[in-house]
Amino acid sequence: MNILVVGGGGREHAIIRCLKKNPQVKTVYALPGNGGIAADATCVDISATDIDGIVAFAKAHPVDYAVVAPDDPLVLGCVDALEAAGIPCFGPRANAAIIEGSKVFAKNLMRKYGIPTAAYRAFDDMDQALAYLDTAPIPTVIKADGLALGKGVIIAQTRQEAKAAVRDMMEGHVFGKSGDHIVIEEFLTGPEVSVLAFTDGNCVKPMVSSMDHKRAGDNDTGLNTGGMGTVAPNPYYTREIAQTCMDTIFLPTIRAMNAEGRPFKGCLYFGLMLTPAGPRVIEYNCRFGDPETQVVLPLLESDLLSIMLAVTNGTLAQTEVTFAPRHACCVILASQGYPTAYRKGYEITMTREAAQHTYVAGAKLAQGRLVTSGGRVTGTTAVADSLEEAIREAYRISDGVRFENAYRRSDIGRRALRANG
Ligand code: AMP
Ligand code: GLY
């Protein structure tokens, strides 16, 4: 079987390695992939958002199945376009990917179907938003409607800050058209949990839970990033909470999407906050999380390709999805300065052990050498019988990944360890 994977980050590297465990998988094409993925797949220099280019490539090559991993091609209708060309796909169609593509859509869906989330108001008029902020509870959370590379969320501690954020989004267009519509929502507190779930539109099979570390600095300080590391499972996510989430969030969301005529097939990501009043949805993503995937898939015992095909064919209920009762930790190495300014082009070297445990996110090949080309460069994952050991091993092995100006957080998993008591 020949598989086309759209995307080119650490998440896609983890997906590709996991797919290749199935001996039926012959060729994997990664569009565009990256310099590290090139060791595991045939990388083709077609951008993940070039839908016409992707479809043309898929038609011209013996592609049996496609996995569309990143949010933007999903929101742009990459799955619809590939399906129209006769290629079965893993991933939601555009009319379902809107659950991530529009925060206003997601919030309205949750309100309409009684799915627990932060209280909110949606605005498309700046003056009304500013007037509302005169009396809104503080702190408050301002979100741009559309995709904003995970940066469209501002937590404002004062009214002034909140108003400045609204002006930046709606007048200054700092997130482009994403800021034409905004959501202002209640500030919630509690541990965050990421739950990725396979769904074929009827059945939902959640994967092992995980915990992201979104801030750039130790002890959750500094700017928000795409994620500096992850652990799985998330110790705050007990069996009891998982059941509550299944009953009040996961199944109701799938049913709500069906009722709206937008059946969701693929991986639905639930960003949850475990508040004192119970679990709340912070965000939906229409795809695998990054770097959650880099700890979740290494724990998957079942065959990923079979699960993906079952999602596409609507037979997920009859398909085994099991995870090893072990622990995983992923430590991201980023370029110093990320998520703002950083330099690129530094050569990356890895020990043999590190290479086996490392997913490459932001690197390209230049004259046969692997060099940094992005903010997040690599993610090194270790699996062990205890969380403590997984963390220790991930750090030890990531010492074997070297490039100039490399930066990592030193406390990935520490909060999870504390939760364990
Ligand atoms: P998002 O891009 O929606 O994942 O938001 C980024 C981060 O902002 C989340 O991971 C939370 O830490 C935080 N956040 C988002 N919404 C809220 C909220 N209503 N209350 C508190 N924190 C929030
Ligand atoms: N790690 C968060 C995300 O993938 O959006």
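Preceding this paragraph is the structure being described.
From a predicted model like this one, the values you see are computed outputs, not experimental measurements. Each chain carries its own residue numbering, running from 1 in the direction its sequence is written. Here chains are named by letter from A upward and ligands by number from 1 upward, in the order in which they appear as written. Only residues with pLDDT of at least 70 get local features here, since the model is predicted, and only at 80 or more are side-chain atom pairs given and counted; chain-wide, interface and lining totals rely on the full set of residues. Calculated side-chain values reflect all of the structure's heavy atoms, with hydrogen atoms and water omitted.

Attention now goes to the pairing of strand 1 (residues 2-7). Across a regular strand the side chains alternate sides, sitting on one face of the sheet and then on the other. Each residue is placed in one exposure class: buried if its accessible area under a 1.4 Å probe, protein chains only, is under 20% of its type's maximum, exposed if it is over 50%, and partly exposed if it falls in between. Here a helix means four or more residues in a row that DSSP labels H or I, a strand means two or more in a row labelled E, and each is numbered from the N terminus. Of all 6 residues in strand 1, 6 are buried; the element is thus mostly enclosed. With 6 bridges joining them, strand 1 and strand 2 (residues 27-32) adopt parallel strand pairing. Bridged to Asn 2 within strand 2 is Thr 27. A right-handed crossover is one whose linking path, passing over the helix from the first strand to the second, runs clockwise when the strands point away from the viewer. Handedness of the crossover is the feature at issue here: the chain leaves strand 1, passes through helix 1 (residues 10-19), returns alongside strand 2, and the resulting connection is right-handed. Any two strands between which DSSP finds at least two bridges are classified as paired.

So, on to the site of ligand 2. Nearness is defined per residue: one heavy atom within 4 Å of the molecule or strand is enough. Neighbouring ligand 2 are the residues Asp 212, Gly 226, Tyr 269, Asn 285, Arg 287, Gly 289, Asp 290, Pro 291 and Glu 292. In this structure, Arg 287 approaches ligand 2 through a side-chain N or O atom, which is 2.9 Å from an oxygen atom. For ligand 2, whose free accessible area comes to 200 Å², the fraction covered by protein is 88%. In terms of residue class, the shell around ligand 2 is built from 2 nonpolar, 3 polar and 4 charged. Here a polar contact is recorded for every N or O atom pair within 3.5 Å, except that within protein the pair must consist of a potential hydrogen donor and a potential acceptor, and residues adjacent in sequence are included only if both atoms are side-chain atoms. In this description, accessible areas are obtained by the Shrake-Rupley approach with a 1.4 Å probe, and a residue is regarded as covered only by the protein chains that are shown. Following the grouping adopted for this structure description, the nonpolar residues are Ala, Val, Leu, Ile, Met, Phe, Trp, Tyr, Cys and Pro, the charged ones are Asp, Glu, Lys and Arg, and the polar ones are all others, Gly among them.

On to unusual backbone geometry, then. Look at the link from Leu 31 to Pro 32: it is a cis peptide, with omega at 0°. With respect to the helices and strands, Pro 32 occurs in strand 2. Its identity as a non-glycine residue notwithstanding, Asp 220 has a phi of 55°, on the positive side. With respect to the helices and strands, the residue Asp 220 is situated in the loop between strand 13 (215-217) and strand 14 (221-224). The residue Gln 367 is not glycine, and still its phi comes out positive at about 50°.

The next thing to look at is the environment of Gln 24. Along the polypeptide, Gln 24 turns up in the loop between helix 1 and strand 2. When the C-alpha atoms of Gln 24 and Met 1 are compared, they prove to be 5.8 Å apart, with 23 residues separating the residues in sequence.

Attention now goes to the packing of aromatic side chains. Stacked, edge-to-face and tilted labels apply to pairs of Phe, Tyr and Trp rings (six-membered ring for Trp) whose centres lie within 6.5 Å, assigned for plane angles under 30 degrees, over 60, and everything in between, in that order. A complete count under the given rule lists 8 aromatic pairs for this structure. Measuring from ring centre to ring centre gives 5.4 Å for Phe 123 and Tyr 132, while their planes differ by 40°; the resulting arrangement is tilted. Aromatic side chains Phe 250 and Phe 270 sit 4.4 Å apart centroid to centroid with 35° between the ring planes, which places their arrangement in the tilted category. Within this pair, whereas Phe 250 is found in helix 9 (residues 239-259), its partner Phe 270 is found in strand 16 (residues 266-275), the two being separated by 20 residues in sequence. Residue Phe 250 is classed as buried on the basis of its relative accessible area, which comes to 0%. A relative accessible area of 0% means that Phe 270 is categorised as buried.

Our focus in this paragraph is the site of ligand 1. Around ligand 1, the surrounding shell holds 15 residues, and the nearest of these are Glu 185, Glu 186, Leu 188, Glu 192 and Glu 283. A distance of 2.4 Å separates an oxygen atom of ligand 1 from a polar side-chain atom of Glu 192. Protein chains shield 92% of the accessible area of ligand 1, which is 480 Å² for the free molecule. Partitioning the shell around ligand 1 into residue classes produces 8 nonpolar, no polar and 7 charged.

Okay, the pattern of salt bridges next. We count a salt bridge whenever a side-chain nitrogen from Lys or Arg sits within 4 Å of a carboxyl oxygen from Asp or Glu. The final tally for this structure, using the stated rule, is 18 salt bridges. Measuring nitrogen to oxygen at the nearest pair gives 3.0 Å for the salt bridge that ties Glu 12 to Arg 11. In this structure, Glu 12 and Arg 11 share a single accessibility class: buried. Salt-bridge contacts for Lys 112 lead to Glu 260; the nearest nitrogen and oxygen are separated by 2.6 Å. A residue pair is termed long-range when its members are at least 10 positions apart, and Lys 112 in helix 6 (residues 103-113) and Glu 260 in the loop between helix 9 and strand 16 qualify at 148 residues. Relative accessible area serves as the criterion here: at 57%, Lys 112 is assigned to the exposed category. One salt-bridge network, in which partners are shared between bridges, spans Asp 71, Glu 100 and Arg 287.

With antiparallel pairing, 4 strands are arranged side by side in an open sheet as 6-9-7-8. Edge positions in the sheet fall to strand 6 (120-123) and strand 8 (153-156), since each of these pairs with one other strand and no more. Averaged over all neighbouring strand pairs, the angle between strand axes comes to 20°, with direction disregarded. Where strand 7 (residues 140-144) and strand 8 come together, 4 bridges link them in antiparallel fashion. Orientation is described by lines fitted to C-alpha atoms, with helices fitted over the stretch in contact, and by angles between N-to-C directions that extend from 0 to 180 degrees.

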